[in-house]
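# Coordinates in review
The residues making up each chain are set out below.
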Amino acid sequence: MQTANPIGVFDSGYGGLTVLKEIIHKLPQYDYVYLGDNARAPYGNRSFETVYRYTLECVKWFFDQGSHLVVLACNTASAKALRTIQQNDLPKIDKDKRVLGVIRPTTELIGNYSESKHIGILATSGTVSSSSYVLEIEKFYPGLRVYQQACPMWVPLVENNEYDNHGTDFFVKKYIQQLLGQDEAIDTILLACTHYPLLLEKIKEYSPADMKILAQGEIVAESLAHYLKRHPEVESKCSKDGKREFYTTDSTEDFDNHARIFFGEPVRSKHLNLS
Ligand code: DGL
């Protein structure tokens, strides 16, 4: 690793690249290191303990690379591991290091998008069963009606490059109908998994034309920019040479092929071996 103190961006696989892309667009001056734990993805159906253990292992790896700040660009890891890492692990590892997630920044703003005040959340089974979105939204927008739908087939479809076939149509239509069947007043759908923007065209196809469909990339990038302004003690520790590095725990060839689609430009990743 050439860069001294890159901002770490983590996901179970490729999804976090949709967030990194927006972060770099907003904050191009910083150095970034991305890690996709593709060998162990998807995280969405795994237990709390497993997601926590995998995520903590990856966070420690970022710290070894010199990162002071790590963004979990993964809702499942944010829902199941972030709080324990922030409260129990960081004080022991290094109290000056920071780990941020994607749920809080999203829930802070979500209520502004809906007119009917009925919103739908599409997420992995892990994120849905954690109820993180329901609980966090309740804090910021107590009157908002929140409906959740787990989409367990979507991450495997995306990780396997199956964006456009009959199977994808079937599962996109199925979960959208199940969500909208819960309440016809839903006017806003949040894609609460960083993989889902890759299915956006299909999701739009099976949603009413006037449905607002939100992805998290821009929201998280905006929130990170505010965070860095409010925390000069963290900002000053992030190096600013505009460097980017990419690591995957699985095949670099697969990663680079996918990353071109998720990230929008060519990527040359390196392999990382985790236990
Ligand atoms: N991108 C991850 C998220 O935002 C996908 C989780 C998974 O691996 O299932 O939840």
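Residues numbered from 1 in each chain as written. Predicted model: local features only at pLDDT ≥ 70, side-chain atom pairs only at ≥ 80, totals over all residues. Heavy atoms only, no water.

Time to look at empty space enclosed by the protein. Scanning the model with the defined rule gives 2 cavities of 30 Å³ or more in all. The volume enclosed by the largest cavity comes to roughly 60 Å³. Around the largest cavity, the lining comprises 13 residues; the ones closest to its centre are Ser12, Cys74, Thr76, Thr124 and Cys193. Taken together, the residues of the lining of the largest cavity sort by class into 5 nonpolar, 7 polar and 1 charged. Taken as a whole, the second largest cavity holds about 50 Å³ of empty space. Its residues placed into classes, the lining of the second largest cavity shows 5 nonpolar, 4 polar and no charged. (1 Å grid on protein atoms, 1.4 Å probe; cavity = no way out; pocket = protein on both sides within 12 Å on 5 of 7 lines; lining within 4 Å. Points joined across faces, edges and corners; volume = space filled by probe spheres on them. Nonpolar A, V, L, I, M, F, W, Y, C, P; charged D, E, K, R; others polar.)

The next subject is the pairing of strand β7 (residues 188–191). Of the two faces of β7, both are covered, the one formed by Thr188 and Leu190 as well as the one formed by Ile189 and Leu191. Sheet topology places strand β5 (residues 118–123) next to β7; 4 bridges connect them, and they run parallel. By the bridge assignment for β7, Ile119 is matched with Thr188. With 3 bridges connecting them, β7 and strand β8 (residues 212–214) associate as parallel partners. Residue pairing across strands places Ile189 opposite Ile213, the latter belonging to β8. Crossover β7 to β8 through helix α10 (residues 200–205) is right-handed. (Buried < 20%, exposed > 50% of the residue type's maximum accessible area, 1.4 Å probe, protein only. Helix = DSSP H or I, 4+ residues; strand = E, 2+ residues; numbered from the N terminus. Pairing = 2+ DSSP bridges. Right-handed = clockwise from strand over helix to strand, strands pointing away.)

Let us look at the site of the ligand. Taken together, 13 residues surround the ligand, and among them Ser12, Tyr43, Gly44, Thr194 and His195 come closest. Within the backbone of Tyr43, an N or O atom sits 2.7 Å from an oxygen atom of the ligand. Calculation on the ligand without its partners gives an accessible area of 300 Å², and the protein chains cover 99% of this total. The site holding the ligand turns out to be the largest cavity. Among the residues making up the shell around the ligand, the classes are represented as 5 nonpolar, 7 polar and 1 charged. (Near = heavy atom within 4 Å. Polar contact = N/O pair within 3.5 Å; in protein donor to acceptor, adjacent residues only side chain to side chain. Areas by Shrake-Rupley, 256 points an atom, 1.4 Å probe, with all protein chains shown as cover. Sits in = over half its atoms within 2 Å of the grid points.)

Let's shift gears to the sheet that holds β5. Strands sit in the order β6-β5-β7-β8 across an open sheet of 4 strands; the sheet is parallel. The open sheet is flanked by β6 (145–150) and β8, the only strands paired with a single partner. Adjacent strand axes in the sheet meet at a mean angle of 20°, parallel and antiparallel pairs treated alike. Strand contacts of helix α9 (residues 166–180): β5, β6 and β7, with the helix running at about 155° to β6, the strand carrying the most contacts. (Axes fitted to C-alpha atoms, helices over the stretch in contact; angles between N-to-C directions. Contact = heavy atoms within 4.5 Å.)

All we've got here are geometric facts, nothing functional implied.
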